[in-house]
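Residues per chain, in single letters:
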Amino acid sequence: MDIQVNGKRVHAATGSRLINKEEPAVILLHGAGMDRTIWQLQTRNIAYMGRQAYALDLPGHGRSEGAPLITISEISEWVSDFMDAAELASASVIGHSMGALVAIEFAGNHPKKLDKLCLMGIAEAMPVHPDLLDAAKRNDPLAPELIVFWSVGGEA
Amino acid sequence: MVKPKFPKFDTLSLHAGQQPDPTTGARAVPIYQTTSYMFEDTDHAASLYNLERPGHIYSRLSNPTVSVLEERVAALESGVGAVATASGMAALFLAVATLMDKGSHIVASGSLYGGSHNLFTYTLPRFGIETTFVNPRDPEAFRKAIRPETRLVFGETLGNPGIEIMDLPRVADVAHEASVPFMIDSTFTTPYLMNPFEHGVDLIMHSLTKFMGGHGLAIAGALVDSGRFDWYASGKFPTLTEPYAGYHGLNFADEFGPQAFIMRARAEGLKDFGACLSPQNAFYILQGIETLPLRIQKHVSNAEAVVTFLDEADEVEWVNYPSLKSHPDHELAKKLLPKGAGSILSFGVRGGRIAGRRFIESVLLASHLANVGDAKTLVIHPASTTHQQMSTDDLALAGIGEGMIRLSVGIEDIQDIIDDLKQALRASQKG
């Protein structure tokens, strides 16, 4: 589905199931450099368990318009704006990696809008390797390669 | 500066897609010879059927042994996924059926495997899909042949049997300017000699029966998705960007993003057309892929030695192989195929059709049969076998003369191969 948030098109996968506003809502937030399609089967499974599922493309990612947002705080306010645009009084929020940081920030700032919180791939401190940051600033393909390399690990 | 340490090609050939079996410790890929898989409960069954969970349902759709092969081929090609099929032809038809409907059009190289040519020329028109064939060496001819209803540009990395090399980056540009994907049959080069996705190709099909298996034991095919074609931006592929009633309105591009094509090919094509690969045959092909890098090196060095011999032989009128300076694609070969141009070549025996027949009937080590890419050396006369259904004009477009011999150079001792060719050439001139 496409919806306007702050004048920009925002895209969300809904598990290809029709939205029923009577059902509880679940918002899925992807990590840095990714988009809604990391949640492929989860989105469908959540939707078909009787939820409104919204796997969001963050601004500038996937099929959502606009420049990417810079800070975790900005993204968490944007999640709140999306909920207002979609007329969701509250939702459960699932975040992966950077999306989990956004989910925590959102939970702290908007406790009344939060039903349940689910955090994946998160730690107390989440430093990013300086070489990855440098590569990302240069728009060097090394950045996604490092993300994939560290995500998969040595065993896979 | 840190660098990712991804496993290299030779390692992937042995390991990609498989870990030792956690239950038994079996190191080799087990053959899961089963049609069906137990469901945990009715909810689990329903979610598998509805593409909400990963898992196996029925071996027409997926099978654990076949999955290892699919992941291995996808890894070797740097694709986002693969579907293994009953044959290379099944892979080609699966791609066409996933991409287009009645009224669609394909632009294809005129120098194709005879089976592919037959599908495009005689069979697909019965289902309302037409094909225009063009010279594989002329990217502008591809551009001119594209129509508003074109949905695929198709060719072979090395033409069959003319060994033409397509200028993949230029043909890819032509396809992408028209917002259609570019698919390549990479059977003759295998991922060891070339990675077509690096040259702008969107989809790859293989006959795994050939060099990938290498042993001539099993028929198999594969379709590999680069994940790079933007189906939404193209706007020409409703099978991928619009709701599919077959799965209650599932939109493949929306839910699966870069894997939209390969998911639809499995969820619709394997399910409805049923040309799946058996686990036993997947196992055979996996055994072949383990030694792919070693075999291809030997295939190429033997082919180059055979070409040198044939080029100097009095009984041979011409030799067609890209390592020869006389080959029209010699420079392109150096760019696209730096590790070698495979081991399939064609040549003309002095004395035309009759001498060609005598040559084929005189070989002792080489096998006269309808295959290529076996570890054993193979010979055939295309005009009377693999391409015999083609008209004279189509034969000319494909560069097939009546005296042409196609040779698939194996990995026997090179001196034995050359000795056999030498005595058969001598015999071809007697009569």
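Rules behind the numbers
Note on numbering: residues in each chain are counted from 1, in written sequence order. As they are written, the chains are lettered A onward and the ligands numbered 1 onward, keeping that order. This being a predicted model, a pLDDT of at least 70 is required before a residue's local features are given, and a value of 80 or more before pairs of side-chain atoms are given or counted; all residues contribute to the totals for chains, interfaces and linings. Only hydrogens and water are set aside when side-chain values are computed; all heavy atoms of the structure are taken into account. Should any heavy atoms of two residues lie within 4.5 Å, those residues are counted as being in contact. When two parts are put together, the accessible area they lose, computed with a 1.4 Å probe and summed over both, is reported as buried area. Salt bridges, as used here, are contacts in which a Lys or Arg side-chain nitrogen is within 4 Å of a carboxyl oxygen on Asp or Glu. What counts as a helix is a DSSP run of H or I of at least four residues, what counts as a strand is a run of E of at least two, and both are numbered from the N terminus. Throughout, the ten residues Ala, Val, Leu, Ile, Met, Phe, Trp, Tyr, Cys and Pro are labelled nonpolar, Asp, Glu, Lys and Arg are labelled charged, and all others, Gly among them, are labelled polar. Note that domain bounds follow an automatic or database assignment of domains. What is meant by a nonpolar core is a set of buried Ala, Val, Leu, Ile, Met, Phe, Trp, Tyr and Cys residues, joined one to another through side-chain atoms within 4.5 Å. Summary of the burial criterion: residues with accessible area below 20% of their type's maximum are buried, those above 50% are exposed, and those between are partly exposed, where the area comes from a 1.4 Å probe applied to protein chains only. A pair of strands counts as paired when DSSP detects no fewer than two bridges linking them. Convention adopted: a line fitted to C-alpha atoms gives each axis, helices being fitted over their contacting stretch, and angles between N-to-C directions are expressed from 0 to 180 degrees. Within this analysis, the arc is defined by the directions that extend from the helix axis to the C-beta atoms.

## Concerning the interface of chain B and chain A
- Listed per partner, the contact involves 26 residues of chain B and 27 residues of chain A.
- Buried surface at the junction of chain B and chain A, both sides included, amounts to about 2,100 Å², of which 52% is carbon and sulfur.
- Where chain B touches chain A, the interface holds 1 salt bridge.
- Between Asp254 of chain B and Arg36 of chain A there is a salt bridge, with its nearest N and O atoms 3.1 Å apart.
- Top contributing element to the side of chain B that touches chain A by residue count: helix H11 (residues 252-256) of chain B, with 4 residues.
- Of the residues in the side of chain B that touches chain A, the class split is 12 nonpolar, 8 polar and 6 charged.

## A word on the domain arrangement of chain A
- Split into domains, chain A comes out as domain 1 (2-122) and domain 2 (126-156).
- Taking the mean C-alpha position of each, domain 1 of chain A and domain 2 of chain A sit 24 Å from one another.

## Digging into the nonpolar core
- Leu69, Phe182, Leu310, Phe347 and Phe359 of chain B are the most contacted members of the largest nonpolar core, which totals 87 residues.
- Of all hydrophobic cores here, the second largest spans 40 residues; its members include Leu51, Leu92, Leu223 and Ala253 of chain B.

## Topic: the sheet that holds strand S6 (residues 114-120) of chain A
Residues and elements named next belong to chain A.
- In space, the 6 strands of this open sheet follow the order S1-S2-S4-S3-S5-S6, with mixed pairing throughout. In this open sheet, the two strands that pair with only one neighbour each are strand S1 (2-5) and S6. Recorded for the sheet is a direction-independent mean angle of 30 degrees between the axes of neighbouring strands.
- For S1 and strand S2 (residues 8-13), the ladder comprises 4 bridges, and the chain directions are antiparallel. Paired with Gln4 across the two strands is Arg9, which belongs to S2.

## Digging into helix H16 (residues 352-362) of chain B
All names here are of chain B.
- Inspection of H16 places Ala355, Gly356, Phe359, Ile360 and Ser362 among the buried residues, and these make up the whole buried set. Down the axis, H16 shows its buried residues gathered within 165 degrees of arc, on one side only. Opposite the buried face of H16, by more than 90 degrees, sit the exposed residues Ile354, Arg357 and Glu361.
- Looking at the buried positions of H16, the neighbouring elements they touch are strand S9 (344-349), strand S10 (367-368), strand S11 (378-380), strand S12 (404-408) and helix H18 (414-428).

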